[in-house]
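Listed here are the chains, written in short residue letters.
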Amino acid sequence: MLKAKILFVGPCESGKTVLANFLTESSDITEYSPTQGVRFESCWPALMKDAHGVVIVFNADIPSHRKEMEMWYSCFVQQQSLQDTQCMLIAHHKPGSGDDKGSLSLSPPLNKLKLVHSNLEDDPEEIRMEFIKYLKSIINSMSESRDREEMSIMT
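Calculation notes
- Residues numbered from 1 in each chain as written.
- Predicted model: local features only at pLDDT ≥ 70, side-chain atom pairs only at ≥ 80, totals over all residues.
- Heavy atoms only, no water.
- Helix = DSSP H or I, 4+ residues; strand = E, 2+ residues; numbered from the N terminus.
- Buried < 20%, exposed > 50% of the residue type's maximum accessible area, 1.4 Å probe, protein only.
- Arc of directions from axis to C-beta.
- Contact = heavy atoms within 4.5 Å.
- Phe/Tyr/Trp six-rings, centres within 6.5 Å; stacked < 30°, edge-to-face > 60°.
- Lys NZ or Arg CZ within 6 Å of the ring centre and 35° of its normal.
- Patch = residues over 30% accessible without salt bridge, like charges linked within 9 Å, V, L, I, M, F, W, Y side chains within 5 Å.
- Areas by Shrake-Rupley, 256 points an atom, 1.4 Å probe, with all protein chains shown as cover.
- Salt bridge = Lys/Arg side-chain N within 4 Å of Asp/Glu carboxyl O.
- Lys, Arg positive; Asp, Glu negative; His and termini not counted.
- Charge placed at Lys NZ, Arg CZ, Asp CG, Glu CD.

> What am I meant to see in the overall build of the protein chain here?
The helix and strand inventory of the protein chain stands at 4 helices and 4 strands. Going residue by residue from the N terminus, the α and β elements of the protein chain occur as β-α-α-β-α-β-β-α. Buried positions account for 35% of the 155 residues belonging to the protein chain.

> How should helix α1 (residues 16–23) be read in this particular structure?
Quick reminder: α-helices carry 3.6 residues per turn. Residues three or four places apart thus point the same way. Within α1, the full set of buried residues consists of Leu19, Phe22 and Leu23. Across the axial projection of α1, the buried residues extend over an arc of 90°, all falling on one side. Contacts made by the buried residues of α1 are with β1 (6–9), β2 (53–58), β3 (87–92), β4 (114–118) and α4 (124–154). Downstream of α1 by one or two residues, glutamate 25 has phi in the positive range, about 55°.

> Looking at this structure, how should I read the packing of aromatic side chains?
One pair of aromatic rings is described through two measures. These are the centre distance and the angle between the planes. Counted under the stated rule, the structure contains 5 aromatic pairs. Pairing phenylalanine 8 with phenylalanine 131 gives two aromatic rings, centres 5.9 Å apart and planes at 50°, and the pair type is tilted. Taken as a pair, phenylalanine 8 in strand β1 and phenylalanine 131 in helix α4 lie far apart in primary sequence, 123 residues in all. Residue class for phenylalanine 131 comes out buried when judged on its relative accessible area of 10%. Among the aromatic residues, those joined into a cluster by ring pairs are Phe8, Phe131 and Tyr134. Sitting above the plane of the phenylalanine 22 ring, arginine 128 keeps its charged end 4.1 Å from the centroid.

> Where do I start with a negative patch on the surface in this structure?
Together, Glu144, Asp147, Glu149 and Glu150 give the surface a local cluster of negative charge. With respect to the element layout, glutamate 149 can be found in helix α4.

> For this particular structure, what's the right way to read the pattern of salt bridges?
Oppositely charged side chains are able to pair whenever their charged atoms sit close together. The tally for this structure, following the rule as stated, stands at 6 salt bridges. Close ionic contact of glutamate 130 with lysine 114 constitutes a salt bridge, the shortest N to O distance being 3.1 Å. One end of the pair, glutamate 130, is in helix α4; the other, lysine 114, is in strand β4, with 16 residues separating them in the sequence. Judged by its relative accessible area of 16%, glutamate 130 is buried. Given a relative accessible area of 42%, lysine 114 falls into the partly exposed group. For glutamate 125, the salt bridge identified is with arginine 128, shortest N-O distance 3.1 Å. Separated by 3 residues within a single helix, glutamate 125 and arginine 128 lie in helix α4, roughly one turn from each other. For glutamate 125, a relative accessible area of 40% puts it in the partly exposed group. Each of Glu25, Glu125 and Arg128 takes part in salt bridges that share partners, so that together they form one network.

Here it is as structure tokens:
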């Protein structure tokens, strides 16, 4: 069985913890309780080591989050030589914030990435299904890479 290391990164108070817990079914969604933000850039290389994918979570209602996304993409995707298919953007809408999916335009290179809107109040299963599709593509890529490596050893 293949194990994939998927990083959830993004600005403080974007919804990373609640989404990760929901997607792994680690906890029930009851009320928002902020995680203590940690930004120790010196630890990032250790976190990124052997990562197979990156999920960048942001709150589309906060303008500074949109500006920060390019930094997260640069550090966790480009500098790690990950493919764009190994990255997923989640525009997380917190309870009561509304769900304005239509007004979000992203600049290059972010506009090439898979963008999914999440609203755990209104449609929690939509984000779960999108994440499962993303995870399956990561696992397929890992499997193909392993197969190529095994074939090169045998020939």
